[in-house]
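# Summary of structural features
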Amino acid sequence: MTTARNWNPGDPSRLFYQIRQRRPLLDRADGIYLWDRDGKRYLDGCSGAMVSNIGHGNRRVLDAMRAQMDRAAFGYRLHFENEPAERLAGLIAGLCPPGHEKVFFVSGGSEAVESCLKLARQFAIARGQDSRWRVISRNPSYHGSTLGALAVTGYRPLTDPFLPMMQRMPSIPAPRCYLDRDGLSDSERGLHYAELLRDKILELGPESVLAFIMEPVGGASTGALVAPDSYFGRIREICDEFGVLLIYDEVMSGAGRTGRYLAAEHWNIKPDIIALAKGLAAGYAPLGAMIADEPIIEAVLDAGGFQHGYTYAGNPLACAAGLAVTQELLEHDLMGRAIAMGAILQCGLRGLMHDYPFIGDVRGKGLLQAFELVADRETMRPLPAALNTHSRLVELAYERGLIIYSRRTREGLEGEHFMVCPPLIITEAQIGEIIGTLRESLDALAAELRLPSHNSLDVTPAAPLKATPGAAA
Ligand SMILES: Cc1ncc(COP(=O)(O)O)c(C=O)c1O
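The residue count restarts for each chain, going from 1 along the sequence in the order it is written. Residue-level local features of this predicted model are given only where pLDDT is at least 70; pairs of side-chain atoms are given and counted only at 80 or more, and the full residue set underlies all totals for whole chains, interfaces and linings. The basis for every side-chain value is the complete set of non-hydrogen atoms in the structure, without hydrogens or water.

### Description of the site of the ligand
Nearness here has a simple test: a residue counts as near a molecule or strand if at least one of its heavy atoms is within 4 Å of that partner. Inspection of the region around the ligand gives G108, G109, S110, Y142, H143, G144, E215, D249, V251, M252 and K278 as its neighbouring residues. Any N or O atom pair separated by 3.5 Å or less is treated as a polar contact, with the protein-specific requirement of one donor-capable and one acceptor-capable atom, and with residues adjacent in sequence counted only for side-chain atom pairs. G109 places a polar main-chain atom, nitrogen or oxygen, 2.8 Å from an oxygen atom of the ligand. Contact with the protein chains hides 82% of the accessible area of the ligand, taken as 390 Å² for the molecule alone. What sets the accessible areas is the Shrake-Rupley method with a 1.4 Å probe; for residues, cover comes only from the shown protein chains.

What follows is the structure, encoded as structure tokens:
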């Protein structure tokens, strides 16, 4: 007899995730909303984890998946090619800068990043540059939860426990210009942060540096960080100067979320290798991809093959989902919507800054938007970490039927930011709904913390807040 058969809603769960926390049972999802079994409706204000780009319950995607399931749900890639994978690869290559002709499918973002790192290394070996192995990354950053991806991640609660188990890679500061209080112009700051890469390459010895990995628009570790325009081109030049591969982690920013298929397009940059996931199949199936320049792939294949792979790589069902999602994205001009609705959302979030002086910054691109709470807007001094504001505001919004996503912006240790990244199908009225619920939640937070409405805040809480420890990732 198995106990699992007798499980009923409300019984203890045998599942576990990061934290000791129960959530309601999901009943159904449609468009930008999800409902629990009690009939309560939630607005998906962060597309899950910035995943559900085309919204929930899309008929075309569900039909395409059903049709594929009826033919074949699985065929191992070394035994069969499959049409959805071929067609999706062709579509993706056409949406990427010319030259990015080759696509390697995986099941998610961490796998995509691991694949990028391993392809870069095997390319160096194929070129006779065995001495190149260091991958420089930015701090803070998030590139995934597997040990290779963690080695290039800058988010201490996630990396610190595993330091003895991995080869920690070097990093440079992420261009968090909004924290800088200097006399530099935006453009000068962008160049200043880019030069830190050059300095680091010279310090390490260029012959040892394999690649530089960056999120073109920051994700959960920085809260939608956008560098000054001058940063992007200079980084590309520095990589070229030293023969260092440029890897763009577009796991969160890609697949249309920022208003272009790749965020790289905003700055006309052609990275050497790209990681994609999340919005690619938009939550309908686990799917990610690595996209690379053809000469890189050819060199690795000529040298004996890519020594890497996953059982579910190129899975026909996941690729059928990704294909239908991408067709929806293109046919309904959802990238255009991301730009238009992103501007309205950013305007609404900036509007909140008038009434809530403890919002220190609003930033982002397209529908990858975030706001950050601070104790003092002038200096950007963070709220005391013990207040756990990052988890508390999420709970207050959740109680009111709005789902947002929070992390800590200062290497995961302090600083509170909140991602507001709804599906790209969102309407202006629904953005109004988000802003209205955020207002109610911020009012509740201000009341709990006794936050006065001026810039220098007394952040003594009225009552101890319910902490949600370890809510990272
Ligand atoms: C930029 C970036 N890279 C990699 C990952 C890891 O993706 P996954 O959780 O699908 O493994 C994430 C996830 O949030 C991400 O935002």
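What follows picks up the thread again.
### Quick notes on the sheet that holds strand β14 (residues 405-410)
Pairing between strands is defined by DSSP: at least two bridges between them are needed. Secondary structure follows DSSP: runs of H or I at least 4 residues long count as helices, runs of E at least 2 residues long count as strands, and numbering of each begins at the N terminus. Ordered by their spatial adjacency, 4 strands build an open sheet running β11-β12-β15-β14, and the pairing between neighbours is antiparallel. Sheet topology places β11 (359-365) and β14 at the edges, where each strand pairs with a single neighbour. Across the sheet, the axes of successive neighbouring strands diverge by a mean angle of 25 degrees, strand direction being ignored. Both β14 and strand β15 (residues 414-420) contribute to a ladder of 5 bridges, which runs antiparallel. Across the sheet, R408 pairs through a bridge with E416, a residue of β15. Packed onto the sheet, helix α13 (residues 428-449) meets β11, β12 (368-373) and β15 and runs at close to 15 degrees relative to β12. The axes used here are C-alpha line fits, helices contributing only the stretch in contact, and every angle between their N-to-C directions lies in the interval 0 to 180 degrees. When checking whether two residues touch, look at their non-hydrogen atoms; a contact exists if any pair is within 4.5 Å.

### Concerning the nonpolar core
A general trend in soluble globular proteins is that nonpolar side chains are found buried together. Among the nonpolar cores identified, the biggest contains 107 residues, and F105, F212, F371 and L373 are the most heavily contacted of them. Of the residues forming this core, the biggest block, 9 residues, is contributed by α13. In contact with F105, other than residues within four places in its own chain, are A85, L88, A89, I92, L280, L287, G288, A289, A313, G314 and C319. The nonpolar core is taken to be a set of buried Ala, Val, Leu, Ile, Met, Phe, Trp, Tyr and Cys residues, with the residues joined through side-chain atoms within 4.5 Å. Think of it in three bands: residues with accessible area under 20% of the maximum for their type are buried, residues over 50% are exposed, and the middle band is partly exposed, with areas taken using a 1.4 Å probe on protein chains only. One finds A120, M166, A277 and M290 within the second-largest nonpolar core, a separate group that totals 34 residues.

### Observations concerning the packing of aromatic side chains
Pairing of aromatic side chains here covers Phe, Tyr and the six-membered ring of Trp, requires ring centres within 6.5 Å, and sorts the geometry by plane angle: under 30 degrees stacked, over 60 edge-to-face, intermediate tilted. Under the criterion given, the structure shown has 8 aromatic pairs. Seen from their ring centres, Y33 and W35 are 6.2 Å apart, and the 50 degrees between their planes marks the pair as tilted. Taken as a pair, Y33 and W35 share a single burial class, namely buried. With 3.7 Å between their ring centres and 10 degrees between their planes, F232 and W267 make a pair best called stacked. Of this pair, F232 sits in helix α8 (residues 229-242) while W267 sits in the loop between β8 (245-250) and β9 (273-276); the two residues are 35 residues apart in sequence, bridging distant segments of the chain. We classify W267 as buried; its relative accessible area is 11%. Grouped by ring-pair contacts, the aromatic residues Y231, F232 and W267 constitute a single cluster. Whether a charge sits over a ring depends on NZ of Lys or CZ of Arg being within 6 Å of the ring centre and within 35 degrees of the ring normal. Across the ring face of Y398, the terminal group of R23 is positioned such that the distance to the ring centre comes to 3.9 Å. Sitting over the ring of W35, R28 keeps its end group 3.9 Å from the ring centre.

### What about the packing of helix α2 (residues 59-71) against helix α10 (residues 316-331)?
Two numbers describe how α2 lies on α10: the axes approach to 9 Å, and their chain directions differ by 155 degrees. Accordingly, the angle class assigned to the pair α2 and α10 is roughly antiparallel. Taken as a pair, α2 and α10 cross one another with a handedness that is right-handed. On α10, the residues touching R60, V61, A64, M65, Q68 and M69 of α2 are P316, L317, A320, A321, A324, V325, Q327, E328 and E331. Gly is put with the polar residues, along with every residue not named as nonpolar or charged; the nonpolar set is Ala, Val, Leu, Ile, Met, Phe, Trp, Tyr, Cys and Pro, and the charged set is Asp, Glu, Lys and Arg. Of the residues assigned to the contact of α2 with α10, the class counts are 10 nonpolar, 2 polar and 3 charged. Oblique is the label for every angle not falling under 35 degrees (roughly parallel), over 145 degrees (roughly antiparallel), or within 65 to 115 degrees (roughly perpendicular). For any pair of crossing helices, the crossing counts as left-handed if the nearer helix is rotated counterclockwise from the farther one by less than a right angle, and right-handed if it is rotated clockwise.

### Regarding the pattern of salt bridges
One speaks of a salt bridge when a side-chain nitrogen belonging to Lys or Arg is within 4 Å of a carboxyl oxygen belonging to Asp or Glu. One pass over the full model with this rule turns up 23 salt bridges. Measuring nitrogen to oxygen at the nearest pair gives 4.0 Å for the salt bridge that ties D27 to R37. Here R37 lies in the loop between β2 (33-36) and β3 (41-44) and D27 lies in strand β1 (residues 26-30), a separation of 10 residues in the sequence. On the accessibility criterion, R37 (53% relative accessible area) is exposed. Between R439 and D355 there is a salt bridge; the shortest N-O distance is 2.7 Å. Here R439, found in helix α13, pairs with D355, found in helix α11 (residues 334-355); they are 84 residues apart in sequence, far enough to count as distant. Within the structure, one salt-bridge network assembled from shared partners comprises D361, R363, E372 and R410.

### Examining the side chain of K200
You can see K200 is positioned in helix α7 (residues 186-204). What makes K200 buried here is its relative accessible area of 18%. Ignoring any residue separated from it by four or fewer positions in sequence, one finds K200 in contact with I136, P170, S171 and I172.

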